[in-house]
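So you can see what is in the structure, the chains are spelled out below.
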Amino acid sequence: MNLSALPAFADNYIWMLHDGTQAVVVDPGDAAPVLQALNAQGLQLAGILVTHHHPDHVGGVDTLRAHLQGPVWGPARENIPKPFEPLHDGDVVTVLGRRFQVIDVPGHTAGHIAYFELDDDAEPLLFCGDTLFSAGCGRLFEGTPAQMHHSLSRLAALPGGTRVCCTHEYTLSNLKFAVAVEPGNPELAQYQARCTALRAQGLATLPSQIALERQINPFLRCEVPEVVTAARAHGAANDDAVTVLATLREWKNRYR
Ligand SMILES: [Zn+2]
Ligand SMILES: [Zn+2]
């Protein structure tokens with residue numbers, strides 16, 4: 001199975017999975033890069049997976065329908081272009097012979113879902129949209145810090161080898177903030193050097209890995225003493241993980 005990240009807009013990736021004949025894409029905000037990739041590689045579009053309703057994730061869906069020989073799957077609780085197969089937490093969808101489990105991850109939007117691959121024990125795929133980014137997390141447009149904390153905790157509990165396919169190339173700016181939170185974290189410094197080199201060559205920093213994110217992503221580390229201390233210095237009223245996450249998120253919103 002081949003996985004690629006099709007660049008779209010300024011910093012989106014449309015993830016494409018294909019077996020040499022058929023392809024599925026995740027969150028096609030724009031149809032053009034998808035059609036170009038399908039044509040270039042002689043692939044049929046067998047399905048579309050959607051994580052949430054934002055235009056940069058669904059904008060290409062209706063154009064792609066003319067080329068689609070399969071369903072559009074999406075979150076049951078969100079308003080995405082119809083018709084689509086509505087999915088709930090725990091549902092399993094089979095794409096290209098692989099099973100993906102649906103995980104509810106509200107926070108960025110109210111009905112955001114993620115797709116976790118069940119048929120690969122070593123390096124399963126996770127398509128997590130705008131919930132978990134490398135070294136960061138999505139903004140809280142519709143959900144609460146408690147919801148985002150719960151959603152991120154569910155993703156952080158996935159196997160360490162899980163390949164994290166997020167929708168945006170935000171890694172370097174997230175890392176700048178992560179270093180401000182945890183200046184003494186050696187894994188963070190190493191990862192920042194690696195990602196800076198990748199971006200200098202025009203390469204994607206993604207997919208990331210759950211085991212790595214647990215080490216470097218401040219939003220998955222709200223119980224780590226250094227992260228708690230940094231949050232307390234930026235207004236957190238107590239050491240509670242949800243309070244810490246809320247404080248980090250607001251600090252990050254202002255951080256340049
Ligand atoms: Zn979004
Ligand atoms: Zn987005």
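Placed above this text is the structure.
Residues numbered from 1 in each chain as written. Chains lettered and ligands numbered in written order. Predicted model: local features only at pLDDT ≥ 70, side-chain atom pairs only at ≥ 80, totals over all residues. Heavy atoms only, no water.

Peer 1: Hey, could you run me through the overall build of the protein chain in this one?
Peer 2: The helix and strand tally for the protein chain stands at 9 helices and 14 strands. Relative to the compact-globule value of 18 Å for 256 residues, the protein chain shows a C-alpha radius of gyration of 18 Å, a close match. The dimensions of the protein chain, computed from C-alpha atoms along their principal axes, are 55 × 40 × 35 Å. When each of the 256 residues of the protein chain is scored for burial, the buried share is 53%. Carbon and sulfur atoms make up 50% of the accessible area of the protein chain, which amounts to about 10500 Å² in all. Between the mean site of the 18 positive side-chain charges and the mean site of the 27 negative ones, the protein chain shows a separation of 5 Å. (Helix = DSSP H or I, 4+ residues; strand = E, 2+ residues; numbered from the N terminus. Rg over C-alpha atoms; globule rule 2.2 N^0.38 Å. Buried < 20%, exposed > 50% of the residue type's maximum accessible area, 1.4 Å probe, protein only. Areas by Shrake-Rupley, 256 points an atom, 1.4 Å probe, with all protein chains shown as cover. Lys, Arg positive; Asp, Glu negative; His and termini not counted. Charge placed at Lys NZ, Arg CZ, Asp CG, Glu CD.)

Peer 1: Before we go on, may I ask you to explain the coordination of the zinc ion (ligand 2) in this structure?
Peer 2: Between any two of four tetrahedral donors, the ideal angle at the metal is 109.5 degrees; between two of six octahedral donors, it is 90 or 180 degrees. The protein atoms that coordinate the zinc ion (ligand 2) are Asp56 (OD), His57 (NE2), Asp130 (OD) and His168 (NE2), at distances spanning 2.1 to 2.4 Å. Between the 4 donor atoms coordinating the zinc ion (ligand 2), the angles at the centre fall across 86 to 162°, so the site counts as irregular. Mapped onto the sequence, the residues coordinating the zinc ion (ligand 2) show the spacing D-H-x72-D-x37-H. Here the zinc ion (ligand 2) and the zinc ion (ligand 1) are spaced 3.6 Å apart, with Asp130 acting as a shared donor. Of this pair, Asp56 sits in helix α2 (residues 55–58) while Asp130 sits in the loop between β10 (125–129) and β11 (132–133), placing them 74 residues apart in sequence. Judged by relative accessible area, Asp56 falls into the partly exposed class, the value being 21%. Judged by relative accessible area, which is 4%, Asp130 ranks as buried. (Donors = N, O, S within 2.8 Å, 3.2 Å for Na, K, Ca; no water. Tetrahedral: all angles 85-135°; square planar, octahedral: opposite > 155°, others 65-115°.)

Peer 1: Teacher, can you tell me more about the pairing of strand β7 (residues 92–95) here?
Peer 2: Each regular strand shows side chains that alternate between the opposite faces of the sheet. Burial of β7 is one-sided: the residues Val93 and Val95 facing one way are buried, the residues Val92 and Thr94 facing the other way are not. Here β7 runs beside strand β8 (residues 98–104); their pairing, made up of 4 bridges, is antiparallel. The residue bridging Val92 from the neighbouring strand is Gln101, located in β8. (Pairing = 2+ DSSP bridges.)

Peer 1: Please clarify how the sheet that holds strand β9 (residues 113–117) should be interpreted in this entry.
Peer 2: In sheet architecture, strand pairing relies on hydrogen bonds along the backbone and comes in two forms, parallel and antiparallel. Pairing is mixed across the open sheet formed by 6 strands, whose spatial order is β7-β8-β9-β10-β13-β14. At either margin of the open sheet sits one strand with a lone partner, and together these are β7 and β14 (208–209). Looking at chain direction, β10 and strand β13 (residues 163–166) are connected through 4 bridges and run parallel. Within the sheet, the bridge partner assigned to Gly129 lies in β13 and is Cys166. Running at roughly 150° to β8, helix α4 (residues 145–156) makes contact with β8, β9 and β10 of the sheet. (Contact = heavy atoms within 4.5 Å. Axes fitted to C-alpha atoms, helices over the stretch in contact; angles between N-to-C directions.)

Peer 1: Is there a simple way to explain the nonpolar core in this structure?
Peer 2: Grouped burial of nonpolar side chains is what soluble globular proteins tend to show. Ranked by internal contacts, the top residues of the largest apolar core, which has 52 residues, are Tyr115, Phe127, Leu155 and Leu248. Sorting elements by how many residues they give to this core places helix α9 (residues 241–254) first, with 5 residues. Apart from residues no more than four positions distant in its own chain, Leu248 is found in contact with Phe177, Val181, Pro218, Phe219, Cys222 and Val227. (Core = buried A, V, L, I, M, F, W, Y, C linked by side-chain atoms within 4.5 Å.)

Peer 1: Could you clarify how one ought to interpret the coordination of the zinc ion (ligand 1) in this entry?
Peer 2: In this structure, His52 (NE2), His54 (ND1), His108 (NE2) and Asp130 (OD) serve as the protein donors to the zinc ion (ligand 1), at separations of 2.1 to 2.3 Å. Around the zinc ion (ligand 1), the 4 donor atoms sit at angles spanning 92 to 165°, and that spread fits a shape best called irregular.

Peer 1: Mind showing me how you'd approach the environment of Gly129 here?
Peer 2: When you line up the elements, Gly129 lands in strand β10. Along the chain, Gly129 and His149 lie 20 residues apart, while their C-alpha atoms are 16 Å from each other. Setting aside residues up to four positions removed in sequence, Gly129 forms contacts with Asp27, Thr51, His57, His112, Cys165, Cys166 and Thr167.

Peer 1: Which parts of the structure should I look at to understand the packing of helix α5 (residues 171–181) against helix α6 (residues 186–200)?
Peer 2: Think of two packed helices as two axes; the pair is described by the angle between the axes and how far apart they sit. With their axes 10 Å apart at the nearest point, α5 and α6 run at an angle of 155° to one another. Considered as vectors, α5 and α6 are oriented roughly antiparallel to each other. For the pair α5 and α6, the crossing hand works out as left-handed. Seen from α5, the contacting residues are Thr171, Leu172, Leu175, Lys176, Ala178 and Val179; seen from α6, they are Leu188, Tyr191, Gln192, Cys195, Thr196 and Arg199. (Parallel < 35°, antiparallel > 145°, perpendicular 65-115°, else oblique. Left-handed = near helix turned anticlockwise from the far one by under 90°.)

Peer 1: What's the story with the environment of Leu172 in this structure? I'm lost.
Peer 2: Mapped onto the secondary structure, Leu172 falls in helix α5. When the C-alpha positions of Leu172 and Ser134 are compared, they lie 8.9 Å apart, and in sequence the two are 38 residues distant. When near neighbours in sequence (up to four residues on either side) are disregarded, Leu172 contacts Gln192, Cys195, Thr196 and Arg199.

Peer 1: It is not clear to me how the state of the cysteines should be interpreted in this structure. Could you clarify?
Peer 2: Note on terminology: disulfide describes a covalent bond linking the sulfur atoms of two cysteines. Scanning the model with the defined rule gives 0 disulfides in all. Looking at the unpaired Cys165, the closest cysteine sulfur is the one in Cys128, lying at 7.4 Å. A relative accessible area of 1% places Cys165 in the buried class. (Disulfide = S-S within 2.5 Å.)

Peer 1: How do you make sense of the side chain of Asn217 when you look at a structure like this?
Peer 2: Along the chain, the position of Asn217 falls in the loop between α7 (210–216) and α8 (225–233). Relative accessible area serves as the criterion here: at 0%, Asn217 is assigned to the buried category.

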